[in-house]
Amino acid sequence: QVQLVESGGGLVQPGGSLRLSCAASGFIFSIYVMNWYRQAPGKEREWVADISSTGISTSYADSVKGRFTLSRDNAKNTVYLQMNSLRPEDTAVYYCNVRMKIRNYWGQGTQVTVSS
């Protein structure tokens, strides 16, 4: 019963910050790479970032590099996406994801709206 629950989305002004959380359960969180994706209206779902199982290595899409920071707390089974210097083009539903052998799992998403 893998579950991923995103939270922390909301409305923020351009230049502002948000921290998204993804609470994971139902699997051994500490051995999996975790991912964030986002999907804006009318657009394809876009990979945003991933973090290694230990948190020592992270990767980011060029569009967010330098502004977003991914981290994880394996003791809390939670991954975080710190989003700074937000832009209107960051507006999207943000999804937490974990890739397993049998399938990928997705959270329900959390809406981030960047607007003045």
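Residues numbered from 1 in each chain as written. Predicted model: local features only at pLDDT ≥ 70, side-chain atom pairs only at ≥ 80, totals over all residues. Heavy atoms only, no water.

Student: Requested: an account of the state of the cysteines, with residues and values cited.
Tutor: The bond known as a disulfide is covalent and runs between the sulfur atoms of two cysteines. Applying the stated criterion across every chain, the model contains 1 disulfide. There is a disulfide in this structure between Cys22 and Cys96, and the S-S distance comes to 2.1 Å. Between Cys22 and Cys96, the S-S torsion sits near -85°, and that sign places the bridge as left-handed. Taken together, the residues Cys22 in strand β3 (residues 18-25) and Cys96 in strand β9 (residues 92-99) connect sequence positions 74 residues apart. Comparing Cys22 with Cys96, the two get one shared label, buried. (Disulfide = S-S within 2.5 Å. Helix = DSSP H or I, 4+ residues; strand = E, 2+ residues; numbered from the N terminus. Buried < 20%, exposed > 50% of the residue type's maximum accessible area, 1.4 Å probe, protein only.)

Student: So what's going on with the nonpolar core? Which residues, and what values?
Tutor: In this structure, Met34, Trp36 and Tyr94 are the most contacted members of the largest nonpolar core, which totals 32 residues. The contact partners of Tyr94, leaving out residues within four places of it in the chain, are Glu6, Leu20, Trp36, Tyr37, Arg38, Val48, Phe68, Leu81, Met83, Gly109, Thr110 and Val112. (Core = buried A, V, L, I, M, F, W, Y, C linked by side-chain atoms within 4.5 Å. Contact = heavy atoms within 4.5 Å.)

Student: Break down the packing of aromatic side chains for me, with residues and values.
Tutor: Enumeration over the complete set of coordinates arrives at 4 aromatic pairs. Centre to centre, the rings of Phe27 and Tyr32 are 5.6 Å apart; their planes meet at 75°, and the pair counts as edge-to-face. Each residue in the set Phe27, Phe29 and Tyr32 is aromatic and connected to the rest through ring pairs, giving one cluster. One Lys or Arg, Arg45, reaches over the ring of Trp106 and ends 4.5 Å from the middle of that ring. We note Arg103 situated over the ring of Tyr105; from NZ or CZ to the ring centre the distance is 4.3 Å. (Phe/Tyr/Trp six-rings, centres within 6.5 Å; stacked < 30°, edge-to-face > 60°. Lys NZ or Arg CZ within 6 Å of the ring centre and 35° of its normal.)

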